[in-house]
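Given next are the chains, with one letter for each unit.
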Amino acid sequence: LKSLREYAAQTVAAAKQVATKGGSGEAAGVQQMLQDFGVVTDKGALVASGGKAREDVEEDVRRVCQAALEKRGGLGMLLVHDAFCLVNRARGTALLSPDEVMSALRMCSRPGGTLRLRT
């Protein structure tokens, strides 16, 4: 498990490096792949910060969900388990439990929030 985390950390570092450089050719292909996986936005910014504070988790969940919805034309909805997978993929090695993601979704869907939670 330790070696897996080390490898994941190296992979995330490489993805962040590619995301900040952009470019053409092979780098552009990698950039597009990172966008397709929901790790970076179309402008090259990372979608999630990976912080451990409650506010960081809520912000990551909100940004990842909004990015996924915008990619679908701003319409539709996400299933909670899809949001869970997208958030953890975007956060790299700073994984969240299903309870943490659900709690953040509840906070983002409060009145005045940017998301709505349907149960």
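Bear in mind the structure is a predicted one, so any value in this text is a computation, not a measurement.

(A) Spatial organisation of the overall build of the protein chain. In terms of regular secondary structure, the protein chain is built from five helices and zero strands. Sequence-ordered secondary structure for the protein chain, helices as α and strands as β, is α-α-α-α-α. Sequence-distant contacts, at least 24 apart, represent 40% of the contacts inside the protein chain between residues at least 6 apart. For the protein chain, the exposed surface amounts to about 7,900 Å²; the carbon and sulfur share of it is 56%.

(B) Summary view of helix α3 (residues 54-71). Taking 1.5 Å of rise per residue, the 18 residues of α3 would be expected to cover 26 Å, and the 26 Å separating its terminal C-alpha atoms lies within 8% of that figure. Along α3, the residues that are buried comprise V57, E58, D60, V61, V64, C65, A68 and L69. Projected down its long axis, α3 shows its buried positions confined to an angular sector of 160°, all on one face. Projecting away from the buried face of α3 at angles above 90 degrees are the exposed residues E70 and K71. Lining the buried residues of α3 we find α4 (80-91) and α5 (98-108).

(C) Highlighting the pattern of salt bridges. Inspection of every chain in the model, using the stated rule, returns one salt bridge. Across the salt bridge formed by R62 and E59, the nearest N and O atoms sit 2.3 Å from each other. With R62 and E59 both in helix α3 and three residues apart, the pair spans about one turn of that helix.

(D) A look at the nonpolar core. By size, the foremost hydrophobic cluster in this structure holds 17 residues, and its most contacted members are V61, C65, L78, V87, L96, L105 and L115. Secondary structure elements with two or more residues in this core: α3, α4 and α5. Per-element tally for this core: the top contributor is α3, with six residues. Excluding anything up to four places from it in sequence, L78 contacts C65, A68, L69, R72 and L86.

(E) Main features of the packing of α3 against α4. In contact at an axis separation of 9 Å, α3 and α4 are set at 110° when each is read in the N-to-C sense. The orientation of α3 relative to α4 falls into the category roughly perpendicular. The two elements α3 and α4 meet at a crossing, and its hand is right-handed. Contacts from D56, V57, D60, V61, V64, C65 and A68 in α3 reach A83, L86, V87, A90 and R91 in α4. Among the residues forming the contact of α3 with α4, the class breakdown is nine nonpolar, no polar and three charged.

The rules behind each value
Residues numbered from 1 in each chain as written. Predicted model: local features only at pLDDT ≥ 70, side-chain atom pairs only at ≥ 80, totals over all residues. Heavy atoms only, no water. Helix = DSSP H or I, 4+ residues; strand = E, 2+ residues; numbered from the N terminus. Contact = heavy atoms within 4.5 Å. Areas by Shrake-Rupley, 256 points an atom, 1.4 Å probe, with all protein chains shown as cover. Expected span 1.5 Å × (residues − 1). Buried < 20%, exposed > 50% of the residue type's maximum accessible area, 1.4 Å probe, protein only. Arc of directions from axis to C-beta. Salt bridge = Lys/Arg side-chain N within 4 Å of Asp/Glu carboxyl O. Core = buried A, V, L, I, M, F, W, Y, C linked by side-chain atoms within 4.5 Å. Axes fitted to C-alpha atoms, helices over the stretch in contact; angles between N-to-C directions. Parallel < 35°, antiparallel > 145°, perpendicular 65-115°, else oblique. Left-handed = near helix turned anticlockwise from the far one by under 90°. Nonpolar A, V, L, I, M, F, W, Y, C, P; charged D, E, K, R; others polar.

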